Amino acid sequence: MKFFNLLKKELAELLNVQTLISLVVAMGLLMIMGNVMTDTIEDAVKQEYTVTICDRDKTEFTADMIETLRGYGAKVTEITDESEDYAQLLANADKESLVIIPQGFSEAVENGESPEIISVARMKSAAMMSNMSNSNSGAESLISRCVSDVFSASAGLTPEDVQLINNPVSIKSHTVISDKSADVSADMVMSKVMMQNMILPVIVFVLIMMTSQGLMSGISNEKIDKTLETLLSAPVSRTAILGSKMLAATIVAMLQAVCFMFGFSSMMSGATEEATADLAGSIAAQITPIDEALEKLGLTLGMGDYILVGVQLFLTIMICLCLSLVLGSLVNDAKQTQTMIMPLMFGAMIPYMISMLADINTLPMAIRIFVYAIPFTHTFSAIPNLMFDNMTIFYIGLAYQVVIFAVCLFFALRLFKSDKILTATLNFGQKSKYKKSSKKA
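The structure contained in this document is the topic of the report that follows. Given the structure is predicted, the values throughout are model-derived calculations rather than measurements. (Residues numbered from 1 in each chain as written. Predicted model: local features only at pLDDT ≥ 70, side-chain atom pairs only at ≥ 80, totals over all residues. Heavy atoms only, no water.)

### Quick notes on the overall build of the protein chain
Short version of the rule: A run of H or I in DSSP becomes a helix once it reaches four residues, and a run of E becomes a strand once it reaches two; helices and strands are each numbered from the N terminus. In this analysis, two residues are considered to be in contact whenever any of their non-hydrogen atoms come within 4.5 Å of each other. For accessible areas, the Shrake-Rupley method is used with a probe of radius 1.4 Å. Any residue's cover is judged against the shown protein chains and nothing else.
Along the backbone of the protein chain there are 20 helices and 6 strands. Residue pairs at least 24 apart in sequence account for 78% of intrachain contacts in the protein chain once pairs closer than 6 positions are excluded. Surface accessibility of the protein chain: about 23800 Å² in total, with carbon and sulfur atoms responsible for 63%.

Spelled out as C-alpha cells, the structure:
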C-alpha cells in the first residue's frame, strides 16, 4: 500500500498539468506540420504543368507550340512584357516563375539550330518545400518535346522512331533482399523504408532527453530542497521509494512515446502521402504496388517484431532512468542539471545521427564497436535489423542492453540504499552545499 501511495505521489509530480499541456501541444504541432507539408506537396503536384509564358517571338510556330503545350495538359498563362529586369518582370506578372521565348526562336528551329529559352524562377527561401512549386521544369521539358517533334519531322522520323531513340531500353526493375525478390525499383523501396524508419529514432531521441531531464531534475531538486532526506527517513523501504520513482517515470515515458509516435506518424504520412501517391500512380501499371512489394521482400514487421522493438525501447528507457538517477544524485545545485545531462545527450545523439545517415553494420569495425558500445544504439537500429534479418546482431544487442540495465540498476540501488545519495556530489573543486550546511550545524 505504501508503494502505491509513493507511486501516486511520483506520478502526480511527473504527470502534472504542464506536462499534459506540453504533450497535447507537441502532438498538435506535429499534426499541423503534417497538414502544412501535405498542402505544400499537393500544390507542387498540381502546379507541375502550370506555366506562365512570355512569347517575344510571336510567330505561328510559337503559337502552335503553346497550343501543343495545352494539348499535353499544361495550363498556360500568356503575358506580354519586354522588360529585361527579370525581378520586375515577375513582379509585374505577379508570378513566381515564367518561361520567356526570345525573338529568333522560330528562326533558329527552322535553321536546324538549337533554340534558346529563358527560364525565370523566384527563390523564396532555402527551404526545400517552399521552392517545390517552381513549375518551369515541366514546361521546359514540354517545350523541348515540341522542338524535338519539329526536328524529327524534318529528318523524316516518325513519333515511334523518336520514342525509340529517346527510350532505347525498356527497364523492368527488380529488388532482391536475401532470397526474396519483387518487381519494384530499389529507389521506391528505399524511400518507403526510410520514411518508416525515421519515426522510431526521433521518438527514442526525444524520450531519452525528456525522461532523463525529468527524473534528473526531480532527484536533484529533492536533494537540494532536503525533501529527499525526509522521504528516506520515513518508515518505507528505500527499494520501494526507488521503484516508485522509476515506475512513475516509465509510465510517463510510455505515455510520451505513444503521443509522439502518433504525432510523428501523422506528420510523416502527411509529408509523403501526396508525393508517394503521385509517383506510384504514374507507374502503377508497370510494377507491383509498393506495400505488396515490401511484404514480398519481407520488409514488413509483424506483431512479434513490434513486441521486440518495444522491449528494446523499454530497456533503453530503464537504462536512461538508472543513469539519470545516479547523475541526478551528483548534482549540487540546479545549474549543474544541464551539465550532468550532457553524457546522456551525446550518448543518444551519436547513434541517432549515424542511424539517420548510414547503416551502422557497414561502418568500419572500430567505429562499429564504439557505436554499438552505446546501449541506446541498439534501439535506434532495431527496425532495420529486424527488416533485413540481422537477427544475431539484434539479439546480441538485446542481451547487451539487459546486461547494461542490470549493471546500472545495481549501482542505482546501491547508491539509493546508502547515505551517499544525500552526500554524493560532482562539484569540480567546489564544496558541496550539503557538506557546508553540515559543518555550520
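### Here we look at the pattern of salt bridges
Once the charged atoms of two side chains with opposite charge are near each other, the side chains can pair. What counts is decided by this rule: Each reported salt bridge corresponds to a side-chain nitrogen of Lys or Arg within 4 Å of a carboxyl oxygen of Asp or Glu.
Summed over the entire model, instances satisfying the criterion amount to 4 salt bridges. Across the pair R56 and E82 runs a salt bridge whose closest N-O atoms are separated by 4.0 Å. Of this pair, R56 sits in the loop between β1 (50-55) and α3 (60-71) while E82 sits in the loop between β2 (75-79) and α4 (86-93); the two residues are 26 residues apart in sequence, bridging distant segments of the chain. Residues joined by salt bridges that share partners form a network here, namely R56, E82 and E84.

### Description of the nonpolar core
As a reminder of what qualifies: The criterion is simple. A nonpolar core is a set of buried Ala, Val, Leu, Ile, Met, Phe, Trp, Tyr and Cys residues joined through side-chain atoms within 4.5 Å. Throughout this description, buried means an accessible area under 20% of the type-specific maximum (1.4 Å probe, protein chains only), exposed means over 50%, and partly exposed covers the range between.
Ranked by size, the top nonpolar core spans 74 residues in total, and within it V184, V189, L299, F376 and F416 carry the most contacts. Top element by residues in this core is helix α8 (residues 186-224). It accounts for 16 residues. In terms of nonpolar packing, the next biggest core, distinct from the first, is built from 16 residues, V51, A74, F105 and V147 among them.

### Thoughts on the packing of aromatic side chains
How we decide: Stacked, edge-to-face and tilted labels apply to pairs of Phe, Tyr and Trp rings (six-membered ring for Trp) whose centres lie within 6.5 Å, assigned for plane angles under 30 degrees, over 60, and everything in between, in that order.
The full count for this structure, using the stated rule, is 5 aromatic pairs. Aromatic pair F205 and Y352: ring centres 4.9 Å apart, planes at 20 degrees, arrangement stacked. Of this pair, F205 sits in helix α8 while Y352 sits in helix α14 (residues 342-357), and the two are 147 residues apart along the sequence. The class of F205 is buried, set by a relative accessible area of 17%. Residues F410 and F411 carry aromatic rings whose centres are separated by 5.4 Å and whose planes lie at 75 degrees to one another, so their mutual orientation is edge-to-face. With a relative accessible area of 47%, F411 lands in the partly exposed category. By way of ring pairs, the aromatic residues F205, Y352 and F380 are connected into one cluster.

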